[in-house]
Amino acid sequence: MTTRILSGKTIADAIKSEIAAEVKTVEIEHGWRPCLAAVRVGQDPASEVYVGNKVKTAAELGIISEHHHLPVETSHEDLLALVHDLNANNDVDGILVQLPLPRHINEREILEAIDPAKDVDGFHPENVGRLSLGYPSLVPCTPAGVVEILKRSDIEIAGKHAVIVGRSNIVGKPLAMLLLKENATVTICHSRTADLAEITSQADILVAAIGRAGFIRGEHIGAGSTVIDVGINNFSDMETASEMFPAEDLEKRIATIEKRGSTLVGDVNPKDAMEKAANFTPVPGGVGLLTVAMLMKNTVTAAKMRRKI
Ligand code: NDP
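What counts, and where the lines are drawn
- Residues numbered from 1 in each chain as written.
- Predicted model: local features only at pLDDT ≥ 70, side-chain atom pairs only at ≥ 80, totals over all residues.
- Heavy atoms only, no water.
- Helix = DSSP H or I, 4+ residues; strand = E, 2+ residues; numbered from the N terminus.
- Rg over C-alpha atoms; globule rule 2.2 N^0.38 Å.
- Buried < 20%, exposed > 50% of the residue type's maximum accessible area, 1.4 Å probe, protein only.
- Contact = heavy atoms within 4.5 Å.
- Areas by Shrake-Rupley, 256 points an atom, 1.4 Å probe, with all protein chains shown as cover.
- Lys, Arg positive; Asp, Glu negative; His and termini not counted.
- Charge placed at Lys NZ, Arg CZ, Asp CG, Glu CD.
- Domains from an automatic or database assignment.
- Near = heavy atom within 4 Å.
- Polar contact = N/O pair within 3.5 Å; in protein donor to acceptor, adjacent residues only side chain to side chain.
- 1 Å grid on protein atoms, 1.4 Å probe; cavity = no way out; pocket = protein on both sides within 12 Å on 5 of 7 lines; lining within 4 Å.
- Sits in = over half its atoms within 2 Å of the grid points.
- Nonpolar A, V, L, I, M, F, W, Y, C, P; charged D, E, K, R; others polar.
- Pairing = 2+ DSSP bridges.
- Phe/Tyr/Trp six-rings, centres within 6.5 Å; stacked < 30°, edge-to-face > 60°.
- Expected span 1.5 Å × (residues − 1).
- Arc of directions from axis to C-beta.
- Core = buried A, V, L, I, M, F, W, Y, C linked by side-chain atoms within 4.5 Å.

*Asks:* Could you give an account of the overall build of the chain, naming the residues involved and the relevant values?
*Replies:* When its secondary structure is counted, the chain shows 12 helices and 11 strands. Relative to a compact globule of 309 residues, whose C-alpha radius of gyration would be 19 Å, the chain shows 20 Å and is just as compact. With the C-alpha coordinates aligned to their principal axes, the bounding extent of the chain is approximately 55 × 45 × 40 Å. The buried share of the chain, taken over its 309 residues, is 49%. Of the contacts formed within the chain by residues at least 6 apart in sequence, a portion of 73% connects residues at least 24 apart. Within the structure as shown, the chain displays about 14600 Å² of accessible surface, and the carbon and sulfur contribution to it stands at 51%. Charge separation in the chain, taken as the distance between the mean sites of 32 positive and 41 negative side-chain charges, equals 3 Å.

So, in structure tokens, the structure goes:
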């Protein structure tokens, strides 16, 4: 089976250039640019990279961004006060509070304090409810990115059996709603699912959002299916590397492990996916790149809705 690699970079670049053009048009016609406020608390290294990428991408697309980096000892009340200030600030169109937050902060209360009209991550219960009802809403970025990959790769969704492994509030559940809206027949699997491979191997579209490196193996994958790998995990086990990566990729992966101590893998075993799937998203270079692009799209959407254009 020749597997088509669905390049997240190509698709994300296309979306980003559309957004940049839209931002330019808004500025010419209305005299303002969308503004994203990113809030980060503490020194989590992954969060630093994620927020850095988001702020950099915003700048590339002409979106104004504010980066509020608060010390780890910031109190719940002070963070809440910042969210209220950003809600009240008419120049701010989108608010993003990078997770995870330090343990002493009540994450749920912070996310629920964000004005739903500025909730560019789509995590506020009002937006989650609107998505479930099939109303227009700000949709979580990673699931929205998965749908963009499918659509822009001309992979039919309507009438197909989509199986999602993972039921988190940020990926699995909202993705189920989006695929349902696209008229897929949707099955959601999780850690208590019996006979996982029996179900996943029936999928036309299989999405893995589990958080376990290479967990989805050949027996889980239906021949000729589309496999979307949402997972992002570090892999460093030299002994099993040849079971994880296809021969043509192995040398490069081993070199990366030797140089950096680990290499990024998804929740799907890429070697097996390349043997069975018709379409497959790579890690890195797949869904992750779409997440940032969709955040930018949400920022422009939020700006246009708020400012009624
Ligand atoms: P969560 O940990 O919140 O959810 C994981 C899900 O996987 C749960 O529903 C869990 O089931 C299920 N699961 C765990 N073990 C098994 C198993 N053995 N069999 C079947 N299901 C299982 O993770 P997230 O949804 O936040 O993230 C999933 C992955 O996606 C991670 O690798 C994360 O890094 C990545 N990610 C990537 C993003 C991107 O931009 N590409 C963005 C967000 C996440 P249960 O509910 O029963 O516990």
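Now that the structure is up, let's keep going.
*Asks:* So what's going on with the domain arrangement of the chain? Residues and values would help.
*Replies:* For the chain, the assigned domains are domain 1 (31-115) and domain 2 (141-288). Once you take the C-alpha centre of each, domain 1 and domain 2 turn out to be 29 Å apart.

*Asks:* Would you mind going over the site of the ligand in detail, with residue names and values included?
*Replies:* The local shell around the ligand holds 22 residues, among which Arg 167, Ser 168, Ser 191, Ile 232 and Thr 291 are the closest. Here an oxygen atom of the ligand sits 3.1 Å away from a polar atom, N or O, in the main chain of Ile 232. Measuring from an oxygen atom of the ligand, one finds a side-chain N or O atom of Thr 291 at 2.7 Å. Contact with the protein chains removes 71% of the 920 Å² of surface that the ligand exposes when unbound. When atom positions are compared with the pocket grids, the ligand is found to occupy the largest pocket. Here the shell around the ligand takes 3 residues from helix α12 (residues 287-306), the largest share from any one element. Considered class by class, the residues forming the shell around the ligand number 9 nonpolar, 10 polar and 3 charged.

*Asks:* A description of the sheet that holds strand β1 (residues 4-5) should follow, citing residues and the corresponding values.
*Replies:* Across the sheet, 6 strands lie side by side as β1-β11-β8-β7-β5-β6; this open sheet has parallel pairing. The open sheet is flanked by β1 and β6 (185-189), the only strands paired with a single partner. Two elements, strand β8 (residues 226-229) and strand β11 (residues 279-280), share 2 bridges in a ladder whose sense is parallel. The residue of β11 that forms the bridge with Val 227 is Phe 280.

*Asks:* Could you give me a rundown of the packing of aromatic side chains, with the residues and numbers involved?
*Replies:* The full count for this structure, using the stated rule, is 1 aromatic pair. Note on Phe 235 and Phe 245: the rings are 5.5 Å apart at their centroids and 85° apart in plane angle, and the pair reads as edge-to-face. Of this pair, Phe 235 sits in strand β9 (residues 233-235) while Phe 245 sits in the loop between α9 (241-244) and α10 (247-260), placing them 10 residues apart in sequence. Overall, Phe 245 belongs to the buried group, its relative accessible area being 1%.

*Asks:* Can you lay out helix α2 (residues 45-61) for me, pointing to particular residues and giving the numbers?
*Replies:* Each α-helix turn comprises 3.6 residues. Residues three or four places apart therefore point the same way. In this model, α2 (17 residues) spans 25 Å end to end at C-alpha, consistent with the 24 Å of a helix rising 1.5 Å per residue. Taken together, the buried positions of α2 are Ser 47, Val 51, Lys 54, Thr 57, Ala 58 and Leu 61. All buried residues of α2 fall inside an arc of 125° around its axis, so they share one side. Summarising the geometry of α2, the exposed residues directed more than 90 degrees from the buried face are Pro 45, Lys 56 and Ala 59. Turning to α2, the residues buried within the fold contact α1 (8-30), β2 (35-41), β3 (64-70), β4 (94-97) and α12. Downstream of α2 by a residue or two, Gly 62 has a phi angle that is positive, lying close to 85°.

*Asks:* Can you tell me about the environment of Gly 224, naming the residues and giving the values?
*Replies:* Here Gly 224 is to be found in the loop between β7 (205-208) and β8. Its relative accessible area of 39% is what places Gly 224 among the partly exposed residues. In the structure, Gly 224 is positioned 104 residues away from Val 120 in sequence and 35 Å away in space, judged by C-alpha atoms. Filtering out sequence-adjacent residues up to four positions away, Gly 224 remains in contact with Met 1, Lys 276, Ala 277 and Ala 278.

*Asks:* Mind laying out the nonpolar core, listing which residues take part and the relevant values?
*Replies:* In terms of nonpolar packing, the biggest core is built from 47 residues, with Ile 63, Leu 179 and Met 296 touching the most fellow members. For this core, the element with the most residues is α12, which contributes 9 residues. Both domains that meet at this core, namely domain 1 (31-115) and domain 2 (141-288), each give it at least three residues. What Leu 179 contacts, discounting residues up to four positions off in sequence, is Val 147, Leu 150, Ile 157, Ala 162, Ile 164, Ala 184 and Val 186.

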